[in-house]
Amino acid sequence: VTMHPMPGMLSITPPDQPLRDPAVIVAFRGWNDAASAASTTIATIAEQRNAEQIGTVDPEEFYDFQVTRPIIDLTGPEHTLTWPEVEIMAVRCPDADRDLVLVVGGEPSMRWPTFCKLLLDALEALGVRRFVTLGALLADVPHTRDVTLTVMTTQEGLVEGMDTRPPGYRGPTGIVGVLHLLAAEPGFDAVSLWAPTSHYAAGVVNHKAELALVEGVSAVTGVPLDTTQVRADAREFEE
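Residues numbered from 1 in each chain as written. Predicted model: local features only at pLDDT ≥ 70, side-chain atom pairs only at ≥ 80, totals over all residues. Heavy atoms only, no water.

Novice: So, helix H2 (residues 112–125): which residues are in play, and what are the values?
Specialist: A rise of 1.5 Å per residue sets the reference length of H2, with its 14 residues, at 20 Å; its end C-alpha atoms lie 20 Å apart and thus fit the reference within 8%. Restricting attention to buried positions, one finds in H2 the residues Phe 115, Cys 116, Leu 118, Leu 119, Leu 120, Ala 122 and Leu 123. At the exit of H2 stands Gly 127, carrying a positive phi of roughly 95 degrees. (Helix = DSSP H or I, 4+ residues; strand = E, 2+ residues; numbered from the N terminus. Expected span 1.5 Å × (residues − 1). Buried < 20%, exposed > 50% of the residue type's maximum accessible area, 1.4 Å probe, protein only.)

Shown next as structure tokens:
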């Protein structure tokens, strides 16, 4: 896959067998990821579906390392240094009509237009037509209630039958909002799922919000996902 505008900023090794009508699921840690609900959703899907990493984005071009710092680990016999990165993973789904591509990482600090173009071009080259972004926001919602997703979509039929509410927001946005709108321009079927999380419990993973996002992903992609463990985690979170 040839990337533009600068080679080497994003690298992908396409799978040996082409993905079948893949849908992409995208989440970013940070501002778009209250109570880690969106990024945890990606991790859950990746673990459950044995995702295979096929690409990364060069962190030096897009991150301010004073904002998103590398992680050093001096606790083991071998000391390690881990730079922030965006992972691109492929998921084979033999029990569905399509495969998935997962994208997760820290929210980039700079060059968002270039970052978005690189990512959209790469995903289009992989055959992606359905683009699903995930987000979570702090809100005045009690942790005891079920989570109702806020949804933006280019086609209402993609979320038909889901219990959702339309967006009612005007203000600053993160990379998730930018990617959703930019994905709609070249003709991707774009869906953005946002889960509200209790503002007073922001320091722990909100598994109830994760559950709503996992169920939303399954509904808009047609890929069945096992929610048994997530439901158990959601009950524990509520307790």
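Continuing now.
Novice: Outline the packing of H2 against helix H3 (residues 175–184), listing residues and values.
Specialist: The N-to-C vectors of H2 and H3 enclose an angle of 55 degrees; their axes lie 11 Å apart at closest approach. Overall, the two elements H2 and H3 adopt an arrangement that is oblique. Considering only the axes of H2 and H3, their crossing is right-handed. Of the residues in H3, those touching H2 at Trp 112, Phe 115, Cys 116, Leu 119 and Leu 120 are Ile 175, Val 178, Leu 179, Leu 182 and Ala 183. The residue inventory of the contact of H2 with H3, partitioned by class, reads 10 nonpolar, no polar and no charged. (Axes fitted to C-alpha atoms, helices over the stretch in contact; angles between N-to-C directions. Parallel < 35°, antiparallel > 145°, perpendicular 65-115°, else oblique. Left-handed = near helix turned anticlockwise from the far one by under 90°. Contact = heavy atoms within 4.5 Å. Nonpolar A, V, L, I, M, F, W, Y, C, P; charged D, E, K, R; others polar.)

Novice: Help me get a handle on the pairing of strand E8 (residues 130–139), residues and values and all.
Specialist: Of all 10 residues in E8, 8 are buried, a share of seventy percent or more. Alignment of strand E2 (residues 23–29) against E8, held across 4 bridges, turns out to be parallel. Along E8, the bridge assignment pairs Val 26 with Thr 133. Where E8 lies against strand E11 (residues 189–198), 10 bridges are found, and the strand directions are parallel. Bridging across to E11, Leu 138 finds its partner in Thr 197. (Pairing = 2+ DSSP bridges.)

Geometric descriptors of this kind do not, in isolation, establish any biological role.
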